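# Observations on the three-dimensional arrangement
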Amino acid sequence: MGFDELREFMVNTQLIPRGIRDERVLKAMRKVPRHLFVDESMQYKAYDDMALPICGGQTISQPYMVAIMTELLELKGDEKVLEVGTGSGYQAVILAELSREVYTIERIPPLVEKAEGRFRILGYKNIHTRIGDGTLGWTEKAPFDRIIITAATPEIPVPLLEQLSEGGIIVAPVGERLSQQLLKIRKTKGKVLKERHTPCVFVPLIGKYGWSEETDSS
Ligand code: SAM
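Described below are features of the structure shown in this document.

The next subject is the pattern of salt bridges. Counted by the stated rule, this structure contains ten salt bridges. Its salt-bridge partner being D49, residue R18 comes within 2.6 Å of it at the nearest N-O pair. Residue R18 is located in the loop between α1 (3-15) and α2 (23-31), and its partner D49 is located in the loop between α2 and β1 (52-53); the two are separated by 31 residues in the primary sequence. Its relative accessible area of 37% is what places R18 among the partly exposed residues. Residue R186 pairs with E74 through a salt bridge whose shortest N-O separation is 2.8 Å. Here R186 is found in strand β8 (residues 180-188), whereas its partner E74 is found in the loop between α3 (63-72) and β3 (80-84), with 112 residues between them in sequence. Looking at R186, the relative accessible area reads 27%, which means it is partly exposed. Taken together, the shared-partner salt bridges in this structure form one network comprising E74, K184 and R186.

Pasting the structure below:
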């Protein structure tokens, strides 16, 4: 099978049977060439049902995890989105397909450089990158309609809650260092409503409001 067929197969066997229903999310997952977000030696595995290694000991998340986190964000097309954890840039591109502007922060500079190259080659002009500690958010560009944290966090960093607009949604893997659960938070009339979703395992969010660097054994 070629990459286009593998992508279609991925959607039909990994996403639809597990309950991903948002047609816009499925369309983006069918469109974005995931194999261009991993090293050439890994491309044959790009559409497998798993996370894959990228540089710096980090990972590009499993396709299903990208799809469910995106679906939970309830994107309609006009949102300003903050992503914490750019990694390969794949999730950022999925978000860019489904929203107005994407701001994405990554703490490892070579990952940002590679991701920026991919955004350029693929022609995405609505993705803005920053190197730094994403647990602090991006004050100058706040508030955000949606925030997605793509690394495991012990709790939602306070600055991110503050930078979420009224009616906004945050999706993040929250829990212990080695196992978490997807948490969806909606800010309504100053209150925070929480929903718990699927169990998951992400690399740690390292930063002021995440885990400390010393505990990072990945
Ligand atoms: N979204 C990525 C993708 O589509 O490839 C996958 C993200 S990977 C699972 C988690 C990323 O979060 C890693 O690249 C890691 O370096 C980054 N990260 C960890 N702590 C961070 C922090 N405080 N601020 C920004 N990025 C962070």
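The subject of this paragraph is the packing of aromatic side chains. This structure, assessed with the given rule, holds four aromatic pairs. Measuring from ring centre to ring centre gives 6.2 Å for F3 and Y47, while their planes differ by 50°; the resulting arrangement is tilted. Residue F3 is found in helix α1, and its partner Y47 is found in the loop between α2 and β1; the two are separated by 44 residues along the sequence. Judged by its relative accessible area of 4%, Y47 falls in the buried class. Aromatic pair Y103 and W138: ring centres 5.2 Å apart, planes at 80°, arrangement edge-to-face.

Turning our attention to the pairing of strand β6 (residues 144-149). For β6, the buried fraction is high: five of the six residues fall into the buried class. Judged from the four bridges that link them, β3 and β6 form a sheet pairing that is parallel. In the sheet register, V81 faces β6, and the bridge partner there is R146.

The residue A96 is located in helix α4 (residues 90-98) in this model. For A96, a relative accessible area of 8% gives the class buried. Separated by 31 residues in the primary sequence, A96 and I127 place their C-alpha atoms 6.6 Å from one another.

On to the sheet that holds strand β7 (residues 164-175), then. An order of β5-β4-β3-β6-β7-β8-β9 is seen for the seven strands of this open sheet, with the pairing classed as mixed. Edge positions in the sheet fall to β5 (127-131) and β9 (191-200), since each of these pairs with one other strand and no more. Pairwise comparison of adjacent strand axes, ignoring direction, gives a mean angle of 15° for this sheet. Alignment of β3 against strand β4 (residues 101-106), held across five bridges, turns out to be parallel.

Its location among the elements puts R7 in helix α1. Sequence-wise, R7 and V32 are 25 residues apart; in three dimensions their C-alpha atoms are separated by 8.6 Å. Setting aside residues up to four positions removed in sequence, R7 forms contacts with M29, R30, K31, V32, P33, H35 and Y47. Here R30 takes part through its backbone oxygen, which lies 2.8 Å from a polar atom of the side chain of R7.

The environment of the ligand is formed by 28 residues, the closest being G85, S88, E106, G134 and I206. Contacts to the ligand include R107, whose backbone N or O atom sits 3.4 Å from a nitrogen atom. One of the side-chain N or O atoms of T150 is found 3.2 Å from a nitrogen atom in the ligand. In the complex, 99% of the free accessible area of the ligand, which totals 600 Å², lies under the protein chains. The set of elements that each furnish at least two residues to the shell around the ligand consists of β2 (59-60), β3, α4 and β4. Tallied by class, residues from the shell around the ligand come to eleven nonpolar, 13 polar and four charged.

Moving on: α1. The end-to-end C-alpha separation of α1 is 17 Å, in line with the 18 Å expected for 13 residues at 1.5 Å each. Buried within α1 we find R7, M10, V11, Q14 and L15. When α1 is viewed along its axis, its buried side chains cluster within an angular range of 110° and face the same direction.

What counts, and where the lines are drawn
- Residues numbered from 1 in each chain as written.
- Predicted model: local features only at pLDDT ≥ 70, side-chain atom pairs only at ≥ 80, totals over all residues.
- Heavy atoms only, no water.
- Salt bridge = Lys/Arg side-chain N within 4 Å of Asp/Glu carboxyl O.
- Helix = DSSP H or I, 4+ residues; strand = E, 2+ residues; numbered from the N terminus.
- Buried < 20%, exposed > 50% of the residue type's maximum accessible area, 1.4 Å probe, protein only.
- Phe/Tyr/Trp six-rings, centres within 6.5 Å; stacked < 30°, edge-to-face > 60°.
- Pairing = 2+ DSSP bridges.
- Axes fitted to C-alpha atoms, helices over the stretch in contact; angles between N-to-C directions.
- Contact = heavy atoms within 4.5 Å.
- Polar contact = N/O pair within 3.5 Å; in protein donor to acceptor, adjacent residues only side chain to side chain.
- Near = heavy atom within 4 Å.
- Areas by Shrake-Rupley, 256 points an atom, 1.4 Å probe, with all protein chains shown as cover.
- Nonpolar A, V, L, I, M, F, W, Y, C, P; charged D, E, K, R; others polar.
- Expected span 1.5 Å × (residues − 1).
- Arc of directions from axis to C-beta.

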